[in-house]
Structures are given as C-alpha cells and as structure tokens.
Amino acid sequence: MRIGLLECDHVDDRLVAIDGDYCDMFANLLDVELVHYDAVNGVLPATPDECDGWLATGSRFSVYDDSAWIAALQGFVRDVARSDAPYVGICFGHQLLAHALGGRTEKAAVGWGVGAIDTTIDATGADAPLLYLHQDQVVAVPDGGIVLGRADHCPIAAFQTGAMLGVQAHPEFSVEYLDALLDARVDRIGPELTARAKASLERVADRKDAETIGDWIVEFFEARG
C-alpha cells in the first residue's frame, strides 16, 4: 500500500540526530510504503488518486494561519474527501481535517497539552498514556463526524468523518525526541509546565501503546484502500 505523506513541517536540524525527520518517524511506526510530499514548501499531489491514501503530519504552524501552503493543503484535503480516498491526520493533520471540512480548530482554553497524557481510543480499546505536544485543538468536528477518542484536556482526541481519521496525539514520537523537543520549546511552554511534562514521560516504559495506534492507522488504510 502506497501512502502519500503530506509533510507539514520538518524536524529542527538540532534534533534530527535523535529519530531523523518526521518521514523517518512514520516509516518506523507504519508498515506501509510512504511517498513524500513536502507540503510545507508547497509540494502537493496533482490528484487524490496518486496514492492509495494520505497521511498529514504535525506542524509548528496553526491550521488557521494565513499561509498559501496551508490554504492549498486544505483544498487538497477537500479533494480527498470528495474522492473518498482514506486520509489520516496527526496533530496538525487532525486539526487540518476538521478545519478544512467545516469543523473548528482553535487555541485550547486549557492551554498546552504536553507530555504523556491518559487517552481513551474507542476503536483500539486503548486507555493509556500517549504523547502530546499541542496548543491548538479541535473543538468541533465536521457535520457527520464521530468522536473516537478523548482525554481530560482534549475532549476530541480522535475523530472520523467518512474515510478520514484524525488523531491529536503523536504516536510517531519517541520519548527521547519529545523530551528534547520540550527542552527546545521551554520558552513557549513555560518552565513549570515543561518540567511536569518531562516528568510524565517516565510513565511511558515502551512503544507498545504507540504501536497499537500505528497498527490501527494501517488497518484503517487497508480497510478503505
């Protein structure tokens, strides 16, 4: 199965040595062939049928930013929806899905969601700490959307609309990468919250829960591809 990876950002050069770029993280998580599209630099597929499905990554940007590449990517997501091709969005990609199809994404009233946070995912039966790093979140799903996951800080931690799935957490992140990313963003997040988030990472002993989410994503693609 060939999945088009819509790269909405790239790992900071200072952190690439940990796990590579986002494309490498998803290649390690998912047992699929990934075809790279550098969306953040304006590279998009010509049509939704170029691949068997689509995966949009996280990003440091907001889906409501006034940027040409974000507007173009939203248009492509709407084309994917009309084609009924499968799509999975992670963090920014999750928020993008809601925003492009008539839902709503905004700054979370509770502030940053960071660290290892208990999350319930209905489809997997998972009730486990998943890794998060976000300030925006989906507050309303598109018409017909179904909420599939929730956390105390994020009531819409996962949702589905048609053949399209959004997940707010970062199953592709390792504890080591998130720990380093928290250090890099302490000025934005604040030292107290950063310290609590870093301490929470001790609750994630292995990659088992992330791999469960990865398996679910692959099964989602296979069922609709």
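Preceding block: the structure.
The rules behind each value
- Residues numbered from 1 in each chain as written.
- Predicted model: local features only at pLDDT ≥ 70, side-chain atom pairs only at ≥ 80, totals over all residues.
- Heavy atoms only, no water.
- Helix = DSSP H or I, 4+ residues; strand = E, 2+ residues; numbered from the N terminus.
- Buried < 20%, exposed > 50% of the residue type's maximum accessible area, 1.4 Å probe, protein only.
- Polar contact = N/O pair within 3.5 Å; in protein donor to acceptor, adjacent residues only side chain to side chain.
- Contact = heavy atoms within 4.5 Å.
- Patch = residues over 30% accessible without salt bridge, like charges linked within 9 Å, V, L, I, M, F, W, Y side chains within 5 Å.
- Areas by Shrake-Rupley, 256 points an atom, 1.4 Å probe, with all protein chains shown as cover.
- Salt bridge = Lys/Arg side-chain N within 4 Å of Asp/Glu carboxyl O.
- Lys, Arg positive; Asp, Glu negative; His and termini not counted.
- Charge placed at Lys NZ, Arg CZ, Asp CG, Glu CD.
- Axes fitted to C-alpha atoms, helices over the stretch in contact; angles between N-to-C directions.
- Parallel < 35°, antiparallel > 145°, perpendicular 65-115°, else oblique.
- Nonpolar A, V, L, I, M, F, W, Y, C, P; charged D, E, K, R; others polar.
- Core = buried A, V, L, I, M, F, W, Y, C linked by side-chain atoms within 4.5 Å.

Colleague: Could you give an account of the side chain of Thr194, naming the residues involved and the relevant values?
Modeller: Position of Thr194 relative to the elements: it lies in helix 7 (residues 191–200). According to the relative accessible area criterion, Thr194 is buried, its value standing at 4%. Polar contacts involving the side chain of Thr194 include one to the main-chain carbonyl oxygen of Gly190, which spans 2.7 Å. The contacts of Thr194, once residues within four sequence positions are left out, are Leu182, Val186 and Ile189.

Colleague: Tell me about the environment of Cys23, and please be specific about residues and values.
Modeller: Along the polypeptide, Cys23 turns up in helix 2 (residues 22–29). Judged by its relative accessible area of 13%, Cys23 is buried. In the structure, Cys23 is positioned 13 residues away from His36 in sequence and 7.5 Å away in space, judged by C-alpha atoms. Aside from chain neighbours lying at most four places away, what touches Cys23 is Leu5, Glu7, Leu34 and His36.

Colleague: Report on the side chain of Gln137, specifying residues and quantitative values.
Modeller: As for its placement among the helices and strands, Gln137 is situated in strand 8 (residues 136–140). Judged by relative accessible area, which is 6%, Gln137 ranks as buried. Within the local environment of Gln137, its side chain forms a polar contact with the backbone oxygen of His153, the two atoms lying 3.4 Å apart. Ignoring sequence-local partners within four residues, the contact set of Gln137 consists of Gln95, Arg104, Thr105, Glu106, Ala108, His153, Cys154, Pro155 and Gln168.

Colleague: Outline helix 4 (residues 92–100), supporting the account with residue identities and numerical values.
Modeller: By the criterion of burial, helix 4 is predominantly enclosed, with eight of the nine residues buried. For helix 4, the full list of buried residues reads Phe92, Gly93, His94, Gln95, Leu96, Leu97, Ala98 and Ala100. Two residues or fewer past helix 4, Gly102 is found with a positive phi of approximately 100°.

Colleague: Now, about a negative patch on the surface: what can you tell me, with residues and values included?
Modeller: Taken together, Asp31, Asp206, Glu211, Asp215, Glu219 and Glu222 make up a surface patch of like negative charges. By the secondary structure assignment, Glu222 is in helix 8 (residues 208–224).

Colleague: Describe the packing of helix 3 (residues 68–83) against helix 4, naming the residues involved and giving the relevant values.
Modeller: Where helix 3 contacts helix 4, the two axes come as close as 9 Å, and the packing angle between them is 70°. When the axes of helix 3 and helix 4 are compared, the pair comes out roughly perpendicular. Two secondary-structure elements touch here, helix 3 through Trp69, Ile70, Leu73, Gln74, Val77 and Arg78 and helix 4 through Phe92, Leu96, Leu97, His99 and Ala100. For the contact of helix 3 with helix 4, the per-class residue count stands at eight nonpolar, two polar and one charged.

Colleague: How would you summarise the nonpolar core if you had to cite specific residues and measurements?
Modeller: Ranked by size, the top nonpolar core spans 30 residues in total, and within it Phe26, Leu30, Leu55, Val88, Ile90 and Trp216 carry the most contacts. It is helix 8 that contributes the most residues to this core, six residues altogether. Discounting chain neighbours no more than four positions away, the residues touching Leu55 are Ile3, Gly4, Leu5, Leu6, Phe26, Leu30, Val88, Ile90 and Phe221. Trp54, Trp69, Ala98 and Phe159 belong to the second largest nonpolar core, which has 27 residues in total.

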